[in-house]
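Structure assessment
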Amino acid sequence: MKRIAVFTSGGDAPGMNACIRAVVRGAVYHGLEVFGIRRGYSGMINGDIFQMSSHSVSNIVQRGGTILKSARSKEFMTPEGRAKAFEQLKKFEIEGLVAIGGNGTFTGATLFYDEYGIPTVGAPGTIDNDLYGTDYTIGFDTAVNTALEAIDKIRDTADSHDRIFFIEVMGRDSGYIAIQSGIAGGAEMVMVPEVLTPISEVVEALKSGWSRQKSSSIVVIAEGEEAGIATEIAEKIRQQVESNIDMRVTTLGHIQRGGIPTAYDRILASRLGLGALEGLMNGEKNVMAGIVNNELVYTPFRDTIRLPKPINEDLLRMVKILSV
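Conventions adopted
- Residues numbered from 1 in each chain as written.
- Predicted model: local features only at pLDDT ≥ 70, side-chain atom pairs only at ≥ 80, totals over all residues.
- Heavy atoms only, no water.
- Helix = DSSP H or I, 4+ residues; strand = E, 2+ residues; numbered from the N terminus.
- Buried < 20%, exposed > 50% of the residue type's maximum accessible area, 1.4 Å probe, protein only.
- Contact = heavy atoms within 4.5 Å.
- Axes fitted to C-alpha atoms, helices over the stretch in contact; angles between N-to-C directions.
- Parallel < 35°, antiparallel > 145°, perpendicular 65-115°, else oblique.
- Left-handed = near helix turned anticlockwise from the far one by under 90°.
- Nonpolar A, V, L, I, M, F, W, Y, C, P; charged D, E, K, R; others polar.
- Salt bridge = Lys/Arg side-chain N within 4 Å of Asp/Glu carboxyl O.
- Phe/Tyr/Trp six-rings, centres within 6.5 Å; stacked < 30°, edge-to-face > 60°.
- Lys NZ or Arg CZ within 6 Å of the ring centre and 35° of its normal.
- Pairing = 2+ DSSP bridges.

What follows deals with unusual backbone geometry. Phi is mostly negative for residues that are not glycine, and the peptide bonds are mostly trans. Even without glycine at this site, Asn 129 takes up a positive phi of about 55°. When you line up the elements, Asn 129 lands in the loop between strand S5 (120-124) and helix H5 (140-161). Taking the relative accessible area as the measure of exposure, Asn 129 reaches 0% and is therefore buried. Located in the positive-phi region is Asp 162, a residue other than glycine, with phi close to 55°. Summarising the element assignment, Asp 162 is placed in the loop between H5 and strand S6 (163-169). Asp 162 sits in the partly exposed class, given a relative accessible area of 44%.

Pasting the structure below:
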């Protein structure tokens, strides 16, 4: 293998630039030509491909977002779109890919290999930490710390005004951001998609706190919670408590995607980027590089896509015990 390309796809995550840097500098170190593809599969289809060098990735390890940009491509999910992408890769004589992204990215790579035999090794780039085959994904630690900073500030105003705050964090299918930021932020309750939490249970927990003279409370809610989004949950609870209780809702939204990556995310991204590159060089294909028990492992894309990553129930138990 003499020529490889790297791209980012799907939602951006802090640490993606550190991962790109590791792939590019690893390729240079090993004597490979390395190309960047802008805007993911969309750029692959349109031929937005350029050669990269060690200098191309100078001074990016500390930057959030992705210098290669990102996009979701409906066209690539069609046979015609993948045919165009293959022609562009052939034009640049690219023999393998490093894909930084999540489930959608790896689904596309699997289809692409089945049709055209282009090997891809993935690096898990998503703040949700919802990919099977790795303990942590690139961007998760930064997103948790971003959410935690907001929770800490909201806690101050909640305490000042004797309010209940319902704080919605990202996690359409995963409660990892909610559970970890909730524990670290001292939340009275955390609601996640993986576990059904009846509204009555939340009401009971809040009333229990009031009986112990708690003047303010924080409830952290993952956006994919089955009971609804934060505004809906707050309204359901409002109907079951005294009317004079002051409740507010805050949705943190996309601030969780941005920002300077933490040291942990920079190191994780560098390790996974180099692991993905060297796996590709050593004949790995259709696998994701991940870290499990601090060891580099490769998990088939089909397993990463298909298998759920359950939340640690000990973390949920911690919330209940520590809110007493």
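After presenting the structure, the write-up continues.
For Ser 217, the location among the structural elements is in strand S8 (residues 217-222). On the basis of relative accessible area, Ser 217 is assigned to the buried category, the value being 1%. Setting aside chain neighbours within four positions, we find Ser 217 in contact with Arg 155, Arg 163, Ile 164, Phe 165, Glu 188, Leu 206 and Trp 210.

Axes are the key here: two packed helices are described by the angle between their axes and the distance separating the axes. Packing of H5 against helix H6 (residues 176-184) leaves a shortest axis separation of 9 Å and a crossing angle of 50°. Judged by the inter-axis angle, H5 sits oblique to H6. As H5 runs across H6, the sense of the crossing is right-handed. Here Phe 140, Ala 143, Val 144, Ala 147, Leu 148 and Ile 151 of H5 come into contact with H6, specifically with Tyr 176, Ile 177, Gln 180, Ser 181 and Ala 184. For the contact of H5 with H6, a count of residues per class yields 9 nonpolar, 2 polar and no charged.

Bringing the pattern of salt bridges into the picture now. For the structure shown, the criterion picks out 13 salt bridges. Residue Glu 115 is joined to Arg 82 by a salt bridge in which the shortest nitrogen-to-oxygen separation is 2.7 Å. Taken together, the residues span a long stretch of sequence, with Glu 115 in helix H4 (residues 103-116) and Arg 82 in helix H3 (residues 79-91) at a distance of 33 residues. Residue Glu 115 is classed as partly exposed on the basis of its relative accessible area, which comes to 38%. With a shortest N-O distance of 3.4 Å, Arg 238 and Glu 235 are connected by a salt bridge. Separated by 3 residues within a single helix, Arg 238 and Glu 235 lie in helix H8 (residues 230-238), roughly one turn from each other. By relative accessible area, which is 36% here, Arg 238 ends up partly exposed.

Applying the stated criterion to the full structure yields 10 aromatic pairs. Judged by centre distance (4.5 Å) and plane angle (15°), the ring pair of Phe 86 and Tyr 116 falls under stacked. One end of the pair, Phe 86, is in helix H3; the other, Tyr 116, is in helix H4, and 30 residues separate them in sequence. Among the aromatic residues, ring-to-ring pairing joins Phe 7, Tyr 41, Phe 76, Phe 86, Phe 112 and Tyr 116 into one connected group. Here the basic side chain of Arg 38 rests over the ring of Phe 50, its NZ or CZ set 4.0 Å away from the ring centre. Across the ring face of Tyr 176, the terminal group of Lys 309 is positioned such that the distance to the ring centre comes to 5.3 Å.

What follows concerns the environment of Glu 235. Overall, the relative accessible area of 38% leaves Glu 235 in the partly exposed class. Each C-alpha atom, one on Glu 235 and one on Phe 112, is 46 Å from the other, the two residues being 123 residues apart in sequence.

Moving on, we come to the sheet that holds strand S7 (residues 189-191). If you trace the 4 strands from one edge of the open sheet to the other, you get S7-S8-S6-S9, paired in parallel fashion. In the strand order of this sheet, the two ends are held by S7 and strand S9 (246-251), each with one partner. If you compare each strand with its neighbour and ignore which way they point, the axes differ by 15° on average. Against the sheet, H6 makes contact with S6, S7 and S8, and its axis sits at roughly 160° relative to S8, the strand it touches most. Packing against the sheet, helix H7 (residues 199-211) makes contact with S6, S7 and S8, and its axis sits at approximately 165° to S7.

Attention now goes to the sheet that holds strand S4 (residues 96-101). Read from one edge to the other, the open sheet built from 7 strands follows the order S3-S2-S1-S4-S5-S10-S11, with strand pairing classed as mixed. Of all the strands in the sheet, just strand S3 (49-52) and strand S11 (295-300) have a single pairing partner and so form its edges. Between one strand and the next, the sheet's axes are offset by a mean angle of 30°, whatever the strand orientation. Direction of pairing for S4 relative to S5: parallel, over a ladder of 5 bridges. What sits directly across from Leu 97, in S5, is Thr 120.

Take it as geometry only, folks, not as evidence of what the structure does.
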